[in-house]
Amino acid sequence: MKEVKIIQLMITLFVGVVIWIFPAPDGVKIEAWHLFAIFVSTILGIILKAAPMGTMCMIAIAITAFSQVLAPGEAGKSISLALKGFGDKVIWLIGISFFIARGFIKTGLGNRIAFLFIKVFGKSSLGLAYGLGFADLVLAPAVPSNTARGGGIIYPIMKSMAIGFGSDPDKPETHRKLGSFLTLSSYNMNLIASSMFLTGTASNPMCQKFAHDFGIDITWMSWAKAAIVPGLLSFIIIPILLYKIYPPELKKTGDAPQMASQKLKEMGAISRNEWLMLSTFVILLTLWMTGDLFSIDATTTAFIGLVILLLSSVLTWEDIKSEKGAWDTIIWFSVLVMMASSLNELGFIDWFGTIVKSKIGGLSWQVGFPIIIVVYFFSHYLFASATAHVAAMYAALLGVGISIGVPPLLMAYMLGFIGSIYGTITHYGHGPAPVFFGGGFVDLKSWWINGFITGVVMLLIFLIVGWVWLGVIGYF
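Here the residue numbering is sequential within each chain, running from 1 through the sequence in written order. Note on the predicted model: pLDDT of at least 70 is required for a residue's local features to be given, and 80 or more for side-chain atom pairs to be given and counted; whole-chain, interface and lining totals, by contrast, use all residues. Working from all heavy atoms in the structure, the side-chain values ignore hydrogens and water.

## Here's the deal with the overall build of the protein chain
Put simply, the rule reads: Helix and strand assignments follow DSSP, with helices taken as H or I runs no shorter than four residues and strands as E runs no shorter than two, numbered in order from the N terminus. C-alpha atoms define the radius of gyration, and 2.2 Å times the number of residues to the power 0.38 defines the globule rule. Per-residue and other accessible areas were derived by the Shrake-Rupley procedure at a 1.4 Å probe size, with only the shown protein chains allowed to occlude residues. Under this rule, positive means Lys or Arg and negative means Asp or Glu; His and the chain ends count for nothing. Charged groups are reduced to one reference atom each: NZ for lysine, CZ for arginine, CG for aspartic acid, CD for glutamic acid.
What the protein chain contains, in helices and strands, is 22 helices and zero strands. In terms of overall size, the protein chain behaves like a compact globule, its C-alpha atoms giving a radius of gyration of 23 Å where 476 residues would be expected to give roughly 23 Å. Principal axes of the C-alpha set define a box for the protein chain whose edges measure 70 × 55 × 50 Å. A total of about 18800 Å² of accessible surface is found on the protein chain, and carbon and sulfur atoms cover 70% of it. Once the 30 positive and 24 negative side-chain charges of the protein chain are each reduced to a mean point, those two points are 7 Å apart.

Okay, here's the thing in structure tokens:
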């Protein structure tokens with residue numbers, strides 16, 4: 001295994017060196033070309049899993065600073081520029097939201113919300129799928145780690161329900177009874193919920209940052225407004241579609257509400273900390289929705305929520321220090337954002353857009369736009385990380401779209417939405433995928449076949465309905 005890692009790392013470094021020593025194309029600054037070499041090798045290393053994502057990003061910072069590609073001849077300034085991503089407010093929005101998500105898990109409020117929805121909707125297999133989906137949707141605005149939301153809250157409850165109705169992960173003949181259907185439905189609902197809110201998944205604020213670099217302003221409320229119609233339509237259609245193409249053998253789950261009631265009874269009355277967590281959740285949503293009126297941005301709101309949780313002792317400083325996923329995300333997001341933003345500042349994205357425009361210059365934007373979206377969607381087969389995919393292609397494709405005349409807001413939002421839903425096509429396509437696939441209820445072939453079908457349907461919903469909706473609300 002160690003030998004494989006060494007080979008993967010050598011391949012990663014080799015690709016970076018080859019690009020570095022290759023002459024920069026006409027119109028590209030040498031600094032931009034060298035940074036591009038570092039960026040490509042970093043993304044490749046993440047894809048190949050040559051080293052942990054944080055390690056790859058630390059290597060990238062060291063090489064960027066040492067080579068002085070961002071500030072030739074100024075060593076001190078070079079390291080400052082290499083670290084500039086750590087001061088970006090978008091990065092801290094992501095990190096703080098992870099801490100807030102810990103509050104839902106620690107207090108048990110996330111589980112309580114899920115059991116309440118199951119109690120209401122769980123009388124049938126399809127109703128149970130919607131109940132789990134609604135719980136995910138309610139939690140999505142304040143739990144930006146869809147891995148924590150799906151894998152830490154929804155999946156354990158879904159698995160217990162499946163086992164309770166006779167689906168045993170160790171007995172393949174029982175998987176289709178209920179477990180297989182609930183697995184794919186819950187995973188897809190998680191991706192849909194992720195697409196609907198700026199804080200629905202960690203890569204969405206990264207899209208916001210890249211769009212801002214192009215002069216496109218995206219707020220929490222404007223994202224939610226843009227996503228609500230295609231998102232809700234997908235939310236309604238996908239469980240029904242899976243119910244038809246990959247149906248559970250068990251249609252009625254009349255005992256599920258009783259099972260949920262029993263779990264709620266075991267949890268007891270809502271605790272003080274749950275009430276405080278719920279109150280903080282309401283404050284966060286209110287400020288995110290009305291922040292523009294009071295000039296309070298999303299990051300400031302997240303800080304306010306975190307302070308409330310700390311002062312009320314719902315979270316402790318030990319909880320914050322021990323939230324490894326948040327600190328890990330802050331580090332590698334900062335580096336990827338720094339490199340992608342710097343490529344844009346150095347003119348590389350404009351150059352790339354001009355090259356692509358010259359190749360498809362004869363196409364109208366109405367034709368070029370769906371081509372770009374489809375390419376972005378299906379290129380996700382090559383990525384094991386949604387974040388790496390967004391970092392690698394979002395800014396570049398946004399620049400290409402704008403260069404051929406696609407309305408900037410339409411391009412920015414649609415690429416943002418696709419950054420969540422393309423995760424459905426593989427068992428490694430998004431953070432929660434390995435958790436749900438690892439449950440053992442769905443075999444690889446079924447996951448890829450059904451993922452392709454649900455992926456195409458969601459792509460068409462967002463591309464067609466979303467396109468029309470964005471026009472209706474005046475975004476272009």
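Right, picking up where we left off after that structure.
## A look at helix 14 (residues 298-311)
Applied cut-off: Take the number of residues in a helix, subtract one, and multiply by 1.5 Å to get its expected span. Partly exposed residues are those whose accessible area sits between 20% and 50% of the maximum for their type, while under 20% is buried and over 50% is exposed, using a 1.4 Å probe and protein chains only. By construction, the arc corresponds to the directions joining the helix axis to the C-beta atoms.
Here helix 14 spans 20 Å end to end across 14 residues, near enough to the 20 Å set by a 1.5 Å rise per residue. Of the positions making up helix 14, those classed as buried are A298, T299, T301, A302, G305, L306 and L309. Angular distribution of buried residues about the axis of helix 14 spans 160 degrees; they occupy a single face of the element. Phi turns positive, to about 70 degrees, at S313, one or two residues after helix 14.

## Concerning the packing of helix 18 (residues 365-378) against helix 22 (residues 444-472)
Two numbers describe a pair of packed helices, the interaxial angle and the distance between the axes. What counts, and what does not: Axes here refer to lines fitted to C-alpha atoms; in helices the fit is confined to the stretch in contact. Angles between the N-to-C directions go from 0 to 180 degrees. Each angle receives one of four descriptions, namely roughly parallel if under 35 degrees, roughly antiparallel if over 145, roughly perpendicular if within 65 to 115, and oblique otherwise. In this scheme the crossing of two helices becomes right-handed for a clockwise turn of the near helix relative to the far one and left-handed for an anticlockwise turn of less than a right angle. Here a residue-residue contact requires only that any non-hydrogen atoms of the pair lie within 4.5 Å.
Contact pair helix 18 / helix 22: the axes reach a minimum separation of 12 Å and the direction vectors enclose 150 degrees. Our classification of the angle between helix 18 and helix 22 gives roughly antiparallel. Crossing geometry of helix 18 relative to helix 22 is assigned as right-handed. Where helix 18 abuts helix 22, its residues W365, Q366, F369, P370, I373, V374, F377 and F378 lie against F452, G455, V456, L459, L463 and W467.

## A look at the side chain of T424
The line we're drawing: Pairing of N or O atoms within 3.5 Å defines a polar contact, subject to two protein rules: one partner must be a possible hydrogen donor and the other a possible acceptor, and residues neighboring in sequence count only if both atoms are side-chain atoms.
Within the fold, T424 resides in the loop between helix 20 (408-421) and helix 21 (433-438). In this structure the side chain of T424 is engaged in a polar contact, spanning 3.0 Å, whose partner is the side chain of T454. T424 has contacts with Y187, N188, L191, W447, G451, T454, G455 and M458, leaving out every residue within four places of it along the chain.

## Observations concerning the packing of helix 6 (residues 109-121) against helix 7 (residues 125-139)
In contact at an axis separation of 8 Å, helix 6 and helix 7 are set at 145 degrees when each is read in the N-to-C sense. In the crossing of helix 6 with helix 7, the sense of the turn from one axis to the other is right-handed. For the pair helix 6 and helix 7, contact is made by G110, I113, A114, F117, I118 and F121 and by G127, L128, G131, L132, F134, A135, V138 and L139, respectively.

## Points about the side chain of S203
Tracing the backbone shows S203 in helix 10 (residues 203-213). Judged by relative accessible area, which is 2%, S203 ranks as buried.

## Examining the domain arrangement of the protein chain
Quick note on the threshold: Each domain's limits were defined by an automated method or a database of domain assignments. Here the quantity called buried area is the total loss of accessible area, with a 1.4 Å probe, experienced by two parts when brought into contact, counted for both. We define a salt bridge as a side-chain nitrogen of Lys or Arg found within 4 Å of a carboxyl oxygen belonging to Asp or Glu. Each residue is assigned to one of three groups, with Ala, Val, Leu, Ile, Met, Phe, Trp, Tyr, Cys and Pro labelled nonpolar, Asp, Glu, Lys and Arg labelled charged, and all others, Gly among them, labelled polar.
Looking at the assigned domains, one finds that the protein chain contains domain 1 (1-85 + 339-346) and domain 2 (89-324). Taken over C-alpha atoms, the centre of domain 1 sits 35 Å from the centre of domain 2. Domain 1 puts four residues into the contact, and the matching count from domain 2 is five residues. Where domain 1 abuts domain 2, roughly 330 Å² becomes buried across the two surfaces, and 49% of that area is made up of carbon and sulfur atoms. Viewed at the interface, domain 2 and domain 1 are joined by zero salt bridges. Its residues assigned to classes, the side of domain 1 that touches domain 2 shows one nonpolar, three polar and no charged.

## Examining helix 9 (residues 179-196)
An α-helical segment advances 3.6 residues per turn. Residues three or four places apart therefore align on the same side. With 18 residues, helix 9 should cover 26 Å at 1.5 Å per step; its first-to-last C-alpha distance of 26 Å lies within 8% of that length. Of all 18 residues that make up helix 9, 18 are buried, and the element is covered over most of its length.

## Let's talk about the pattern of salt bridges
As enumerated under the stated definition, the model contains six salt bridges in all. Among the ionic pairs, K209 bridges to D213, the shortest N-O distance being 3.5 Å. Here K209 pairs with D213, and both are found in helix 10, just four residues apart, close to one helical turn. The class for D213 is partly exposed, based on a relative accessible area of 26%. Residue E318 is joined to K321 by a salt bridge in which the shortest nitrogen-to-oxygen separation is 3.0 Å. Of this pair, E318 and K321 both sit in helix 15 (residues 317-322), three residues apart, which is roughly one turn of the helix.

## Brief notes about the environment of A256
Here A256 is to be found in helix 12 (residues 256-267). Using a relative accessible area of 0% as the deciding quantity, one classes A256 as buried. In the structure, A256 is positioned 128 residues away from L128 in sequence and 7.8 Å away in space, judged by C-alpha atoms. A256 has contacts with I118, G122, L128, M161 and F165, leaving out every residue within four places of it along the chain.

## As for the packing of aromatic side chains
Note the threshold: Between rings of Phe, Tyr and Trp, where Trp is taken as its six-membered ring, a pair exists when centres lie within 6.5 Å; planes separated by under 30 degrees are stacked, by over 60 edge-to-face, and by other angles tilted. Placement of a charge over a ring requires the Lys NZ or Arg CZ to be within 6 Å of the ring centre, with the centre-to-atom vector within 35 degrees of the ring normal.
Taken as a whole, this structure holds 32 aromatic pairs when the rule is applied. The interplanar angle of 80 degrees and the centroid separation of 6.3 Å between the aromatic rings of W92 and W327 together place this pair among those described as edge-to-face. Taken together, the residues W92 in helix 5 (residues 89-107) and W327 in helix 16 (residues 324-345) connect sequence positions 235 residues apart. A relative accessible area of 27% means that W92 is categorised as partly exposed. One aromatic cluster in this structure is built from F117, F121, Y130, F134 and F235. Positioned above the aromatic ring of Y246, the side-chain terminus of R176 is 4.1 Å from the ring centre. One Lys or Arg, K251, reaches over the ring of Y243 and ends 4.9 Å from the middle of that ring.

## With respect to the environment of K321
Accessibility expressed as a relative area gives 45% for K321, which makes it partly exposed. Considering only alpha carbons, one finds K321 and V15, 306 residues apart in sequence, at a separation of 37 Å. Among the polar contacts listed, one links the side chain of K321 to the side chain of E318, at a separation of 3.0 Å.

## Concerning the environment of K244
Its place among the elements puts K244 in helix 11 (residues 220-245). Residue K244 is classed as exposed on the basis of its relative accessible area, which comes to 64%. Spatially, the C-alpha atom of K244 lies 32 Å from that of L264, the residues being 20 residues apart in sequence.

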